[in-house]
Amino acid sequence: QVQLVESGGGLVQAGGSLRLSCAASGRSFSNYGMGWFRQAPGKEREFVAAISWSGGNTYYTESVKGRFTISRDNAKNTVYLQMNDLKPEDTAVYSCRASVMTGQMLQSVSAYDYWGQGTQLTVYS
């Protein structure tokens, strides 16, 4: 079992920045690929970013490339999502997920075994 707790969401003006954190506890964090997904009201859950267990490979959905950066600190059992140049369309509940899968599979929500409750990000113009 892996328990995941997200933090760092909030209200931010368009163009601003925010960093989300996801703290993991339970089984060895470094064994898992990690991903961030988001879901806006009335919309499907959407892949945002993922990172391999080592941190050596990262993946992003097209709409956040160049603005968001995913990273991890295995010593702290934490994964981060640095979000810059935020836009109103980034408004959603962001959740982190853990997966034993690797590579491109990390872009699929079905690859994940564990997830947190999520944290709300609201971007206003």
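The structure we're discussing is the one just above.
Residues numbered from 1 in each chain as written. Predicted model: local features only at pLDDT ≥ 70, side-chain atom pairs only at ≥ 80, totals over all residues. Heavy atoms only, no water.

1. Looking at the overall build of the chain
To keep things clear, this is the line we draw: Secondary structure follows DSSP: runs of H or I at least 4 residues long count as helices, runs of E at least 2 residues long count as strands, and numbering of each begins at the N terminus. Computation of the radius of gyration draws on C-alpha atoms alone. For the globule rule, the value is 2.2 Å times the number of residues to the power 0.38. Accessibility here uses a 1.4 Å probe with only protein chains present; expressed as a share of the type maximum, an area under 20% marks a residue as buried, one over 50% as exposed, and anything in between as partly exposed. Note on definitions: a residue-residue contact is assigned when non-hydrogen atoms from the two residues lie within 4.5 Å. Each accessible area is a Shrake-Rupley result for a 1.4 Å probe, and residues are judged covered by the shown protein chains and nothing else.
On a plain count of helices and strands, the chain comes out with zero helices and 11 strands. If you list the helices and strands of the chain from N to C, you get β-β-β-β-β-β-β-β-β-β-β. The C-alpha radius of gyration of the chain comes to 13 Å, within 12% of the 14 Å expected for a compact globule of 125 residues. Taking all 125 residues of the chain together, 44% fall into the buried category. Within the chain, contacts between residues separated by at least 24 positions form 58% of all contacts whose residues are at least 6 apart in sequence. Surface summary for the chain: the accessible area is close to 6,300 Å², and the carbon and sulfur share equals 46%.

2. Brief notes about the state of the cysteines
Keep this limit in mind: Throughout, a disulfide means two cysteine sulfur atoms within 2.5 Å of one another.
Applying the stated criterion to the full structure yields one disulfide. Across the disulfide, Cys-22 is cross-linked to Cys-96 (sulfur-sulfur distance 1.8 Å). Disulfide Cys-22-Cys-96: the torsion about the S-S bond is 45°, which places it as right-handed. Taken as a pair, Cys-22 in strand β3 (residues 18-26) and Cys-96 in strand β9 (residues 92-99) lie far apart in primary sequence, 74 residues in all. Each member of the pair, Cys-22 together with Cys-96, is buried.

3. Remarks on the nonpolar core
Note the following rule: Put simply, a nonpolar core is a bunch of buried Ala, Val, Leu, Ile, Met, Phe, Trp, Tyr and Cys residues held in one set by side-chain atoms that sit within 4.5 Å of each other.
Residues Leu-4, Met-34, Trp-36, Leu-81, Met-83 and Tyr-94 are the most contacted members of the largest nonpolar core, which totals 30 residues. Among the secondary structure elements, those contributing two or more residues to this core are β1 (2-7), β3, β4 (33-39), β5 (46-51), β7 (68-73), β8 (78-83), β9 and β11 (119-124). One finds Phe-47, Tyr-59, Leu-106 and Tyr-112 within the second-largest nonpolar core, a separate group that totals seven residues.

4. Some words on the sheet that holds β8
Let me state the cut-off plainly: Strands are labelled as partners when DSSP assigns at least two bridges between them. All axes are obtained by fitting lines to C-alpha atoms, using only the stretch in contact for helices, and the reported angles, taken between N-to-C directions, cover 0 to 180 degrees.
Ordered in space as β1-β3-β8-β7, the four strands form an open sheet in which the pairing is antiparallel. The strands lining the two open edges of the sheet, one partner per strand, are β1 and β7. Sheet twist, expressed as the mean angle between neighbouring strand axes with direction ignored, is 15°.

5. As for the side chain of Ser-21
In this structure, Ser-21 sits in strand β3. Since its relative accessible area comes to 16%, Ser-21 is described here as buried. Each residue touching Ser-21, except ones within four places of it in the same chain, is listed here: Val-5, Glu-6, Ser-7, Trp-36, Thr-78, Val-79 and Tyr-80.

6. Thoughts on the pairing of β7
Along any regular strand the residues' side chains alternate between the sheet's two faces. The alternating pattern of β7 places Phe-68, Ile-70 and Arg-72 on a buried face, while none of Thr-69, Ser-71 and Asp-73, on the opposite face, is buried. Judged from the six bridges that link them, β7 and β8 form a sheet pairing that is antiparallel. Across the sheet, residue Ile-70 finds its bridge partner in β8, namely Leu-81. In this antiparallel pair of consecutive strands, β7 and β8, the connection spans four residues, and Asn-77 shows a positive phi of 55°.

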